[in-house]
Amino acid sequence: RLLISCLLVLGLAACKPTQQAPATRAPLPVTYVTVHAADEPHWIQVIGQAEGGQQVEVRPQVGGILKRLDYREGDLVKAGDILFEIDDAPFRAQLDSARSARLRAADELKQAERELKRAQSLYKSGAGTKKDFDDAQSTRNQKSFALNEAKAQETDAAISLSWTKVAAPASGYASRAEVKPGALVSANSTLLATITQHDDIRVVFAPSDRDLSMQPVTMKNHVRVFRKDGSELAAKLDYVAKEIDPNTSTRIMRAKVSNPGTLLPGEFVNIRLQ
């Protein structure tokens, strides 16, 4: 029995699990940053709107009934191309009347010159008086002045007639016509169309005085232009107002886009100003 008990004790001792020493953990990695003072740029974001760099309004220089459109709306036109035609009948009549007045004045001047020569000959021969000679000379001068005035009126009438054909003042894309044939247009008043140049686009924006925080802004400040799809267009400031608008408390600025691509006048863009 003693032998069996010993064997049982030895068997139980052999079944007891051995305790292992706990594994040592590696130290956690630690990152650090050295802090130092520095000036960093501050960017403000505003909404801007594109405009043609040489956007021109087409207005007639004479009034009358609009007769015809000579361009396709939205097409590219060149400076000097005829865009509109105004009824020229009244202006042709004025030119004919001015031409007749000029011819009559020229004939009267020739008559006055003949009278002057006759009076001068009589005065030298003693058959005429000094007064007759002076009167003839004065009449000749008046007729000369009248002829010059008639020539000026004829030139003015010819210019007015030429203005019945409204030409493009600059090259670019012509907008739709603001008036249709048959409408009465007024000189220097009625807007006929607008011409814009898509290869010369500028973006106008107006950050608030509060966003600017009294910071100086010059042409050297960096500006970034982003379209709605997030694409960036290279741009540079080319105008900074020297005053704050008292009504809106904003400052007008403008950036020239180097490569506008398909950016259209009137399109809204996001502006980031440094």
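The structure this text deals with has already been given above.
All values reported here derive from a predicted model rather than from experimental measurement.

## So, the sheet that holds strand E3 (residues 64-69)
- Across the sheet, 4 strands lie side by side as E6-E5-E3-E8; this open sheet has antiparallel pairing. Strand pairing shows two members of the sheet lacking a second neighbour, strand E6 (165-167) and strand E8 (184-185), which therefore form its edges.
- Relative to strand E5 (residues 82-86), E3 is paired through 3 bridges, and the arrangement is antiparallel. Counted as the bridge partner of Arg 68 is Glu 85 from E5.

## Some details on the side chain of Glu 154
- One can find Glu 154 in helix H3 (residues 130-162).
- The class of Glu 154 is buried, set by a relative accessible area of 14%.
- Residues contacting Glu 154, with those up to four places away along its chain left out, are Leu 95, Ala 98, Arg 99 and Arg 102.

## A word on the side chain of Thr 250
- Here Thr 250 is to be found in the loop between strand E13 (235-240) and strand E14 (253-257).
- Not counting residues up to four positions away in its chain, the partners in contact with Thr 250 are Ala 206, Pro 207, Ser 208, Asp 209, Glu 243, Ile 244 and Asp 245.

## Some words on the nonpolar core
- Formed by 22 residues in total, the largest nonpolar core has its most connected members in Val 58, Tyr 71, Leu 83, Phe 84, Leu 192 and Ile 195.
- Contributing elements (two or more residues each) for this core: E5, helix H2 (89-125), H3 and strand E9 (193-196).

## Observations concerning unusual backbone geometry
- At Ser 213, a residue that is not glycine, the phi angle is positive and equals roughly 55°.
- Here Ser 213 lies in the loop between helix H4 (209-212) and strand E11 (223-226).
- Judged by its relative accessible area of 43%, Ser 213 falls in the partly exposed class.
- Although it is not a glycine, Met 214 adopts a positive phi angle of roughly 65°.
- Mapped onto the secondary structure, Met 214 falls in the loop between H4 and E11.

So, how was this worked out
- Residues numbered from 1 in each chain as written.
- Predicted model: local features only at pLDDT ≥ 70, side-chain atom pairs only at ≥ 80, totals over all residues.
- Heavy atoms only, no water.
- Pairing = 2+ DSSP bridges.
- Helix = DSSP H or I, 4+ residues; strand = E, 2+ residues; numbered from the N terminus.
- Buried < 20%, exposed > 50% of the residue type's maximum accessible area, 1.4 Å probe, protein only.
- Contact = heavy atoms within 4.5 Å.
- Core = buried A, V, L, I, M, F, W, Y, C linked by side-chain atoms within 4.5 Å.

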